[in-house]
Amino acid sequence: MSAEPPPGEPKGFLGPVEPGEGTWTPLRLYVDEPPRLLSRRLKAVLVLLLLALALFLTARHAMERTAAAANSPPPELPFPSQSTRFQYGGKLPVGQESFALSLTVHNAGTGPVDVLGVSQGYRGLSVVVGGWLPQTVPPGQTVSLRVGLKVTDCSAAPADAGLPFLDVTLRNTRALETTSQILGDSYARDLSAALHATCDTPDNRTPTTSPSSSDKPVR
């Protein structure tokens, strides 16, 4: 026995209620403006915080590098012969010497170099440096020395200075060195001319030893 519907309600099955004409509502699949995760003020604050962090990291890195450079030992200087250059500066007026020249010393290093002495290898010549020694050549600067050569023995002096050199003793905070400096063709020509002018005169010639008389035959 089927149940009867309550009084006043229509009998039979009623389907879903259809909307009336002109009552459709369009379905929106998106919104006009996406939701904002951060406001403009929060974005500005975040940018400022990132800039401050970058500046802090940069400053700390610079301070660490400065401290490391201050604690590290200074770079080692080159040997004095590696940073010093010599050049023949020409003849100078002679005094008591047989020949005088200007010796130019240039220091290309980052530390001072001391010139302690100047000498040469010929036994018949002596060397005198005008002024005083040692002389300090500051870094990046040039000093000129007056070097006088005097012939002390023509027999021990060369007739022609083909490849003359000067021995120069140098010192810096790294090492003490004696190096031979060849000053070029102009120095060789000027020194040879001075040797000829001094030793080619009769008074300066080395006297020759007369041969001893032969022994008389024994009877």
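The preceding data block contains the structure.
From a predicted model like this one, the values you see are computed outputs, not experimental measurements.

Strands sit in the order 5-3-7-8 across an open sheet of 4 strands; the sheet is antiparallel. Only two strands of the sheet have a single partner each, and these edge strands are strand 5 (135–137) and strand 8 (176–182). Strand-to-strand twist across the sheet, computed as the mean angle between neighbouring axes with direction ignored, equals 35°. For strand 3 (residues 113–119) and strand 5, the ladder comprises 3 bridges, and the chain directions are antiparallel. Looking at strand 5, one finds that V115 is bridged to Q135.

Moving on to the state of the cysteines. Counting across every chain of the model gives 1 disulfide. What pairs with C154 in a disulfide is C199, and their sulfur atoms sit 2.1 Å apart. Residues C154 and C199 are joined by a disulfide whose S-S torsion is about -85°; by sign, that bridge is left-handed. Here C154 is found in the loop between strand 6 (142–151) and strand 7 (165–171), whereas its partner C199 is found in helix 3 (residues 185–199), with 45 residues between them in sequence. Residues C154 and C199 agree in their burial class; the two are buried.

This brings us to the packing of aromatic side chains. Summed over all chains, the structure comprises 2 aromatic pairs. With 5.4 Å between their ring centres and 55° between their planes, Y88 and Y187 make a pair best called tilted. You can see Y88 sitting in strand 1 (residues 84–91) and its partner Y187 sitting in helix 3, a full 99 residues away along the chain. One exposure class covers both Y88 and Y187, and it is buried.

Turning to the nonpolar core, a few remarks are in order. Within the largest apolar cluster, 29 residues are counted, with the highest numbers of intra-cluster contacts made by F99, L101, L103, L183 and Y187. Looking at this core, the elements that each hand over two or more residues are strand 1, strand 2 (99–107), strand 3, strand 4 (125–129), strand 6, strand 7 and helix 3. L183 has contacts with F86, Y88, L101, L103, P164 and L166, leaving out every residue within four places of it along the chain.

Moving on: empty space enclosed by the protein. In total, this model carries 1 cavity of 30 Å³ or more according to the counting rule given. For the largest cavity, the calculated volume is near 40 Å³. Lining the largest cavity we find L77, P78, S83, G109, T110, G111, P112, V113 and N172. Counted by class, the lining of the largest cavity contains 4 nonpolar, 5 polar and no charged residues.

With respect to topology, 4 strands assemble into an open sheet ordered 1-2-6-4, the strand pairing being antiparallel. Looking along the sheet, the strands with just one partner apiece sit at the ends: strand 1 and strand 4. Along the sheet, successive strands turn relative to each other by an average axial angle of 30°, direction set aside. As paired elements, strand 2 and strand 6 share 8 bridges and run antiparallel to each other. Looking at the pairing, F99 lines up with L149 of strand 6.

Criteria and cut-off values
- Residues numbered from 1 in each chain as written.
- Predicted model: local features only at pLDDT ≥ 70, side-chain atom pairs only at ≥ 80, totals over all residues.
- Heavy atoms only, no water.
- Pairing = 2+ DSSP bridges.
- Helix = DSSP H or I, 4+ residues; strand = E, 2+ residues; numbered from the N terminus.
- Axes fitted to C-alpha atoms, helices over the stretch in contact; angles between N-to-C directions.
- Disulfide = S-S within 2.5 Å.
- Buried < 20%, exposed > 50% of the residue type's maximum accessible area, 1.4 Å probe, protein only.
- Phe/Tyr/Trp six-rings, centres within 6.5 Å; stacked < 30°, edge-to-face > 60°.
- Core = buried A, V, L, I, M, F, W, Y, C linked by side-chain atoms within 4.5 Å.
- Contact = heavy atoms within 4.5 Å.
- 1 Å grid on protein atoms, 1.4 Å probe; cavity = no way out; pocket = protein on both sides within 12 Å on 5 of 7 lines; lining within 4 Å.
- Points joined across faces, edges and corners; volume = space filled by probe spheres on them.
- Nonpolar A, V, L, I, M, F, W, Y, C, P; charged D, E, K, R; others polar.

What is shown is where atoms sit, not what they do.
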